[in-house]
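Remarks on the overall topology
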Protein chains: 4
Amino acid sequence: MNNYDWEKALYLSILDTPLAAWLSDFSVIIKDWKSRIHHAEQNKWEKQLKKFPRTEVTTQSFGDTVTIGSENDVSSNAQEHLRSVLKCYMPWRKGPFRLFDIDIDTEWRSDFKWQRIQHHIPDLKHKHVLDVGCGSGYHLFRMREAGANQILGIDPTTLFFYQFSIFKQYLRQENIHFLPVPLESLPATGAFDVVFCMGVLYHRHDPLTFLKMLKSQISKNGSLIIETLIIDGEPNEVLMPRERYAQMRNVYFIPSAEMLRLWLEKVGFKDVEMIEKNYTSTQEQRSTEWMTNHSLVDFLNPDNHKLTIEGYPAPLRATFVAST
Amino acid sequence: MNNYDWEKALYLSILDTPLAAWLSDFSVIIKDWKSRIHHAEQNKWEKQLKKFPRTEVTTQSFGDTVTIGSENDVSSNAQEHLRSVLKCYMPWRKGPFRLFDIDIDTEWRSDFKWQRIQHHIPDLKHKHVLDVGCGSGYHLFRMREAGANQILGIDPTTLFFYQFSIFKQYLRQENIHFLPVPLESLPATGAFDVVFCMGVLYHRHDPLTFLKMLKSQISKNGSLIIETLIIDGEPNEVLMPRERYAQMRNVYFIPSAEMLRLWLEKVGFKDVEMIEKNYTSTQEQRSTEWMTNHSLVDFLNPDNHKLTIEGYPAPLRATFVAST
Amino acid sequence: MNNYDWEKALYLSILDTPLAAWLSDFSVIIKDWKSRIHHAEQNKWEKQLKKFPRTEVTTQSFGDTVTIGSENDVSSNAQEHLRSVLKCYMPWRKGPFRLFDIDIDTEWRSDFKWQRIQHHIPDLKHKHVLDVGCGSGYHLFRMREAGANQILGIDPTTLFFYQFSIFKQYLRQENIHFLPVPLESLPATGAFDVVFCMGVLYHRHDPLTFLKMLKSQISKNGSLIIETLIIDGEPNEVLMPRERYAQMRNVYFIPSAEMLRLWLEKVGFKDVEMIEKNYTSTQEQRSTEWMTNHSLVDFLNPDNHKLTIEGYPAPLRATFVAST
Amino acid sequence: MNNYDWEKALYLSILDTPLAAWLSDFSVIIKDWKSRIHHAEQNKWEKQLKKFPRTEVTTQSFGDTVTIGSENDVSSNAQEHLRSVLKCYMPWRKGPFRLFDIDIDTEWRSDFKWQRIQHHIPDLKHKHVLDVGCGSGYHLFRMREAGANQILGIDPTTLFFYQFSIFKQYLRQENIHFLPVPLESLPATGAFDVVFCMGVLYHRHDPLTFLKMLKSQISKNGSLIIETLIIDGEPNEVLMPRERYAQMRNVYFIPSAEMLRLWLEKVGFKDVEMIEKNYTSTQEQRSTEWMTNHSLVDFLNPDNHKLTIEGYPAPLRATFVAST
């Protein structure tokens with residue numbers, strides 16, 4: 001387990017795949033990333049990572065709760081200590097995870113979303129998959145459960161990279177990797193069978209450019225699964241919050257379903273289909289012991305949960321599948 | 001007049017202005033531009049440019065018809081020849097111009113637009129002005145008439161650069177310059193008092209990114225004058241043509257006036273004001289001897305000029321002024 | 001054997017070594033190399049490479065004659081054909097090789113040189129070795145025979161890369177690699193235990209710069225083995241041929257042994273020792289069936305083999321060992 | 001005199017010369033130079049520069065003592081203060097200068113060297129001249145006296161740039177410029193009629209590369225004037241000091257005159273001629289009030305001025321002229 005090197009593991013993973021053609025790009029990206037500090041806490045996170053128990057895990061399962069190891073794999077002292085170390089990586093947003101029988105109850109029940117979409121997305125068996133904006137990587141493990149052969153998650157949030165790294169150190173043999181960079185940093189590989197992008201589009205001020213970039217990652221006859229905020233509205237309608245939306249800054253275009261379909265077609269996607277639509281519930285997104293800040297309930301109008309605190313329609317999210 | 005060099009003239013022009021800080025960027029841009037051929041006809045245009053009469057012009061005026069020289073400045077043989085040379089630079093879109101008493105009747109009566117806005121825009125006297133998407137440069141001359149001290153137009157269309165160059169060779173002393181590049185190529189100078197951008201925004205698939213780029217060119221307490229297609233619609237409305245719009249490809253977001261205002265504010269502009277709104281008439285945009293392709297009348301529904309041939313609302317254009 | 005990929009093999013080889021830190025540099029170098037054609041015959045060489053018999057070799061030995069496979073590994077038809085294919089890769093300079101029992105009698109008996117130096121160089125067992133100017137790679141195999149663990153040869157001559165590739169395709173399991181680039185292209189790795197550089201220095205017009213570059217490849221307490229032309233002369237003496245030397249263009253500094261020692265010390269080497277000195281004989285360098293151009297005998301004064309045809313002292317070569 | 005900008009002055013100077021083609025390169029070089037601090041004292045030097053008297057100089061002459069202004073141009077208080085400010089720019093190596101009647105007695109009597117060569121070098125009248133390693137710029141002024149039309153000095157030593165800037169601020173109309181960079185930074189302009197390089201070659205560990213770079217600056221039928229240390233020796237001889245030479249570090253190749261001639265011819269110069277040779281005297285190079293460190297007399301063997309303190313032959317300098 002010592003000296004686990006995620007960079008080398010990624011290279012080894014891609015050497016026999018179409019991604020190998022981009023190895024020089026990946027190596028430049030990683031060299032650049034490693035040359036700078038990206039967050040004030042990064043050194044702490046890096047150091048703590050080395051303090052996790054060095055042990056082999058005897059059990060792992062990537063079901064609704066992504067479960068890695070059991071309490072039997074570590075001493076009870078170690079388990080106790082582990083809980084406090086895991087808290088150093090707060091806030092925990094996407095999950096749930098269970099590590100050595102410690103339950104990490106994340107802000108999001110990301111399993112809910114997976115349950116809603118899993119039977120409507122293309123078969124992932126043996127596929128090469130990219131997840132753009134993968135957060136802690138929860139869905140990467142679900143994609144593995146669904147049979148994907150090679151899985152790459154990217155997310156520029158440094159904390160999420162370290163959250164993922166905690167789990168990955170016990171799963172070295174799994175062909176799941178994480179690059180802590182934004183989509184802009186990747187070359188246009190056209191090498192993935194399936195690209196996921198959930199919860200990102202409304203944060204982009206250039207949605208068409210972003211959709212084009214997603215398309216440039218997908219191979220011929222591949223698929224995009226994209227989830228974003230939408231509004232119930234006419235084909236011509238798009239909501240752009242003046243300041244914040246449900247307290248989030250940096251929210252730009254929230255299109256109607258038809259407008260989003262048009263965007264997807266405009267940049268060249270085919271067979272666009274909405275596979276689920278769902279008002280986010282306060283059961284799915286809420287504060288927990290592992291994410292103690294405000295959460296959805298605080299961002300809705302207390303008198304009318306159909307509106308955000310700013311008076312906009314409450315968060316309605318939909319997932320679309322589209323083909324290249 | 002021999003060996004007129006627009007590059008040196010531009011450098012001389014900026015050496016004593018805030019733009020001087022960006023001289024290295026400009027020189028790299030121009031070096032790069034000169035290193036490649038941008039259009040199959042470029043060599044022809046370049047060569048023809050050297051065949052224009054070498055003479056001093058005895059008259060010039062930058063009124064509704066931008067007038068340079070008179071027939072007395074050239075022999076009648078030369079004038080005859082000149083007409084056929086000017087036709088090599090067709091299609092002529094923005095004007096009208098009169099060169100040595102030859103009238104160039106362009107597709108657009110760009111003087112109409114100037115008449116509608118000229119009394120509603122900030123005083124240009126002594127100002128440094130940038131015109132993004134300046135076409136043949138017609139409005140650059142009008143800005144000079146209005147007193148601007150230094151005027152730079154940019155437009156990536158190679159033909160327009162050569163159309164402008166025809167006139168500029170007779171106006172070497174005028175502090176008006178043209179860089180044949182898109183806005184993306186410029187560094188964020190923050191050095192212009194006033195930036196114009198007319199007829200460009202709806203061609204961009206990333207309108208917010210583009211508005212930010214425009215803002216990055218404007219100095220503190222400067223102004224943007226932006227003209228674009230809009231729709232008569234609700235604040236939340238934006239039209240995105242599925243394929244073509246009035247036969248134009250590459251038309252993306254056509255917002256309502258309120259949506260455009262919101263965009264401008266979202267990227268940080270203040271005091272946004274719509275100064276004119278106008279359905280384009282077939283008197284303002286039409287085929288002529290100097291632009292013999294189809295024009296507006298062919299792009300409208302023949303039975304209902306309130307609709308484009310594709311069934312969208314007919315072109316409605318508005319101009320906004322906003323401050324930084 | 002199909003789809004043998006030397007690039008991936010190199011990456012796999014370095015992933016667990018100090019060179020791994022330079023993987024991004026190597027990948028950029030190779031991407032760049034692959035993006036261009038380097039020689040008019042390159043496509044032919046590349047194509048021919050795919051026509052070699054696809055077979056496993058049952059024997060290999062890296063002694064004085066580097067021997068790969070036997071006639072029993074291929075049909076006699078194939079062997080016949082093979083000889084003519086190998087001739088497409090002429091001239092063969094460094095060897096000798098024996099491939100499927102075809103003897104490639106190269107211009108140089110490079111085994112002579114190896115015999116002179118092999119007992120005077122540092123033990124290569126388990127070492128990481130770089131050979132700068134490795135030609136066809138003959139000595140790379142000898143270094144392997146001597147126990148080196150990882151061996152990289154570099155040489156910018158495209159033909160030599162393909163000569164090496166012929167052998168390498170039958171020796172995929174051997175940790176021997178070839179980068180077809182000059183020393184300038186490598187980053188300063190400081191990662192090799194031993195660096196060889198034989199027959200290069202006199203072709204450099206900047207010998208000190210070159211020695212510094214060699215030093216920058218060697219790890220702490222590592223060794224350089226450098227062979228070059230010298231003159232019998234005083235410490236202050238250096239011969240610089242006015243035009244050609246033994247018909248070679250691009251010969252610059254030919255120092256006395258003491259001058260070379262001073263250069264090595266000047267750039268920071270220690271424990272400089274000359275381990276052999278030898279007038280090149282016409283037995284060691286001569287025309288053969290596999291190199292039909294003129295060779296040494298033609299470059300010497302016919303009446304006095306102590307002089308070159310230009311009147312300079314005949315080629316005297318010496319090998320030095322030095323430490324970092 | 002306020003806001004004197006050497007960068008703009010340089011651009012203006014080259015806009016109408018063959019150097020104009022390299023303006024983008026110069027602007028990138030200068031932008032890069034300005035983006036960093038090059039010496040711990042640089043800010044002080046920069047600030048002091050603004051404290052020099054703002055006055056017009058009533059006299060200037062570029063004879064043996066380069067003389068700028070007279071005591072009548074400034075108040076006696078100012079003159080007093082000026083002396084102490086000038087001392088902030090010590091050590092003063094090349095001169096002599098006289099500024100507002102303050103004599104700056106520099107370490108080198110650079111006028112001696114000029115006297116030895118001035119009648120043997122090509123006519124500088126109307127020439128474009130480059131001086132590589134120009135120091136404080138003393139010889140730039142002498143070249144102007146000799147009629148050169150445009151003069152550029154380059155030297156990477158930051159102090160020398162500021163010494164030059166002191167004088168240049170009073171000589172804005174003179175077409176003399178200084179770029180504080182090494183020769184490597186310049187593009188190969190081939191644009192200078194005459195290139196000087198005095199006192200640099202022996203500091204280079206790559207003399208042939210350096211001579212090639214010098215050649216790449218010279219136009220067709222242009223001239224090089226190069227001065228360097230030589231030894232009295234045979235054509236094959238070159239002295240390379242083991243450690244220091246006359247206490248200087250970084251001394252590499254000191255060739256015999258014939259060897260230097262060969263180098264010049266080897267890189268393509270023609271008509272090589274030695275125009276002077278001279279053992280440096282302790283009258284020409286010595287400590288003064290303006291350079292209080294050790295000087296030549298301390299670097300020679302006290303018992304035998306024909307040897308350096310290290311036992312090498314004492315400094316013998318020669319100047320060569322060569323043509324392209």
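Residues numbered from 1 in each chain as written. Chains lettered and ligands numbered in written order. Predicted model: local features only at pLDDT ≥ 70, side-chain atom pairs only at ≥ 80, totals over all residues. Heavy atoms only, no water.

Take the packing of helix α2 (residues 23–34) of chain A against helix α2 (residues 23–34) of chain C next. With their axes 8 Å apart at the nearest point, α2(A) and α2(C) run at an angle of 145° to one another. With respect to the hand of their crossing, α2(A) and α2(C) are arranged in left-handed fashion. Here Leu23(A), Ser24(A), Asp25(A), Ser27(A), Val28(A) and Lys31(A) of α2(A) lie close against α2(C), whose contacting residues are Leu23(C), Ser24(C), Asp25(C), Ser27(C), Val28(C) and Lys31(C). Tallied by class, the residues present in the contact of α2(A) with α2(C) amount to four nonpolar, four polar and four charged. (Axes fitted to C-alpha atoms, helices over the stretch in contact; angles between N-to-C directions. Helix = DSSP H or I, 4+ residues; strand = E, 2+ residues; numbered from the N terminus. Left-handed = near helix turned anticlockwise from the far one by under 90°. Contact = heavy atoms within 4.5 Å. Nonpolar A, V, L, I, M, F, W, Y, C, P; charged D, E, K, R; others polar.)

All names here are of chain D. Strand order in the open sheet formed by seven strands is β9-β8-β7-β10-β11-β17-β14, with mixed pairing between adjacent strands. Each of the sheet's edge strands pairs with one partner strand only, and the pair in question is β9 (176–179) and β14 (270–279). Strand-to-strand twist of the sheet, defined as the mean angle between neighbouring strand axes without regard to direction, takes the value 15°. With four bridges connecting them, strand β7 (residues 128–132) and strand β10 (residues 192–198) associate as parallel partners. Bridge pairing links Leu130 to Val195 in β10. The strands touched by helix α8 (residues 207–215) within the sheet are β7, β10 and β11 (218–230), with β11 carrying the most contacts at an inclination of about 145°. (Pairing = 2+ DSSP bridges.)

Next up on the list: the pairing of strand β16 (residues 304–308) of chain C. Residue and element names in this part refer to chain C. As defined by bridge partners, strand β15 (residues 300–301) adjoins β16 across two bridges and the pair is classed as antiparallel. The residue of β16 that forms the bridge with Asn301 is Asn304. Where β15 hands over to β16, the hairpin turn is made up of two residues, counted between the paired strands.

Further remarks concern the interface of chain C and chain D. Counting from both sides, the interface comprises 21 residues of chain C and, opposite them, 21 residues of chain D. Interface area lost by chain C to chain D is led by Asn236(C), Met240(C) and Lys266(C), which between them contribute 29%. A salt bridge links Arg242(D) to Glu265(C); its shortest N-O distance comes to 2.5 Å. Connecting chain C to chain D are ten residue pairs in polar contact (both at pLDDT 80 or more). Considering each element in turn, the side of chain C that touches chain D owes the most residues, five residues, to helix α9 (residues 257–266) of chain C. (Buried area = accessible area lost by both parts, 1.4 Å probe. Salt bridge = Lys/Arg side-chain N within 4 Å of Asp/Glu carboxyl O. Polar contact = N/O pair within 3.5 Å; in protein donor to acceptor, adjacent residues only side chain to side chain.)

Attention now goes to the environment of Pro96(D). Residues and elements named next belong to chain D. Looking at where Pro96 falls in the secondary structure, it is placed in the loop between β3 (94–95) and β4 (97–99). Using a relative accessible area of 9% as the deciding quantity, one classes Pro96 as buried. Separated by 213 residues in the primary sequence, Pro96 and Ile309 place their C-alpha atoms 27 Å from one another. (Buried < 20%, exposed > 50% of the residue type's maximum accessible area, 1.4 Å probe, protein only.)

Right, let's get into the relation of the copies chain B and chain A. Rotating chain B by 180° and translating it 0.0 Å along the rotation axis places it on chain A, where the RMSD comes to 0.0 Å. Overall, the copies show the geometry of a two-fold rotation axis. Mapped onto chain A, 100% of the interface residues of chain B again fall at the interface, so both copies present the same surface. (Least-squares fit on C-alpha atoms with pLDDT ≥ 70 in both.)

Here we take up the state of the cysteines. The full count for this structure, using the stated rule, is zero disulfides over all chains. Sulfur of Cys134(B): no disulfide; nearest cysteine sulfur belongs to Cys197(B) and is 11 Å away. (Disulfide = S-S within 2.5 Å.)

Separated throughout, chain B and chain C approach each other most closely at a C-alpha pair spaced 20 Å apart. In this view chain A stays clear of chain D, with the nearest C-alpha atoms of the two still 20 Å from each other.

What follows concerns helix α1 (residues 6–14) of chain A. α1(A) sits mainly inside the fold: seven of its nine residues count as buried. Buried residues of α1(A): Trp6(A), Glu7(A), Ala9(A), Leu10(A), Tyr11(A), Ser13(A) and Ile14(A), and no others. Among the structural elements, α2, β8 (150–154), α7 (158–168) and β9 (176–179) of chain A together with α2 of chain C are those in contact with the buried residues of α1(A). For α1(A), the N-terminal capping position is held by Asp5(A), with its side-chain oxygen 2.8 Å away from the main-chain nitrogen of Glu7(A).

After a rotation of 180° and a shift along the axis of 0.1 Å, chain C superposes on chain D with an RMSD of 0.0 Å. Mapped onto chain D, 100% of the interface residues of chain C are again interface residues, and the two copies thus contact each other with one and the same surface.

A separate point is the pattern of salt bridges. Evaluation of the coordinates by the stated rule reveals 88 salt bridges over all chains. In this structure, Arg109(C) engages Asp111(C) in a salt bridge whose closest nitrogen and oxygen atoms are separated by 2.8 Å. Residue class for Arg109(C) comes out partly exposed when judged on its relative accessible area of 26%. Judged by relative accessible area, which is 2%, Asp111(C) ranks as buried. The salt bridge partner of Asp206(C) is Arg204(C), with a shortest N-O separation of 3.3 Å. Under the relative-accessibility criterion, Arg204(C) is labelled buried at 15%. Several salt bridges share partner residues, and in doing so they unite Asp64(A), Arg142(A) and Glu145(A) into one network.

Okay, the interface of chain B and chain A next. Counting from both sides, the interface comprises 21 residues of chain B and, opposite them, 21 residues of chain A. Where chain B abuts chain A, roughly 2,000 Å² becomes buried across the two surfaces, and 58% of that area is made up of carbon and sulfur atoms. If you look at where chain B meets chain A, you find two salt bridges. The interface formed by chain B and chain A contains ten residue pairs in polar contact (both at pLDDT 80 or more). Of all elements in the fold, only α8 (207–215), β12 (238–239) and α9 (257–266) of chain B reach the threshold of two or more residues within the side of chain B that touches chain A. The leading source of residues in the side of chain B that touches chain A is α9(B), at five residues. Here the residues of the side of chain B that touches chain A are counted per class, giving eleven nonpolar, three polar and seven charged.

So, about the nonpolar core. One finds Phe196(A), Phe196(B), Phe196(C) and Phe196(D) to be the most contacted residues of the largest nonpolar core, which totals 396 residues. For Phe196(D), the residues in contact, after removing those within four places along its chain, are Trp114(D), Ile117(D), Ile121(D), Leu124(D), Val129(D), Leu130(D), Asp131(D), Val132(D), Met143(D) and Ile225(D). (Core = buried A, V, L, I, M, F, W, Y, C linked by side-chain atoms within 4.5 Å.)

Let us look at the packing of helix α3 (residues 42–49) of chain C against helix α7 (residues 158–168) of chain C. Residue and element names in this part refer to chain C. Viewed as axis vectors pointing N to C, α3 and α7 meet at an angle of 0°, and their least axial separation amounts to 10 Å. By the angle between their directions, the pair α3 and α7 is classed as roughly parallel. Where α3 approaches α7, its residues Gln42, Trp45, Glu46 and Leu49 are matched on the opposing element by Thr158, Leu159, Tyr162, Ser165 and Ile166. Tallied by class, the residues present in the contact of α3 with α7 amount to five nonpolar, three polar and one charged. (Parallel < 35°, antiparallel > 145°, perpendicular 65-115°, else oblique.)

Through backbone hydrogen bonds, the strands of a sheet pair up, either in parallel or in antiparallel fashion. Residues and elements named next belong to chain D. In spatial order, the strands read β1-β2-β4-β5; together these four strands make up an open sheet with mixed pairing. Every other strand in the sheet has two partners, leaving β1 (60–62) and β5 (102–104) as the edge strands with one partner each. Adjacent strand axes in the sheet meet at a mean angle of 15°, parallel and antiparallel pairs treated alike. As judged from the three bridges shared by β1 and strand β2 (residues 66–68), these two strands associate in the antiparallel manner. Each residue of the ladder has a partner; that of Gln60, found in β2, is Ile68. Strand contacts of helix α6 (residues 138–145): β1, β2 and β4, with the helix running at about 95° to β1, the strand carrying the most contacts.

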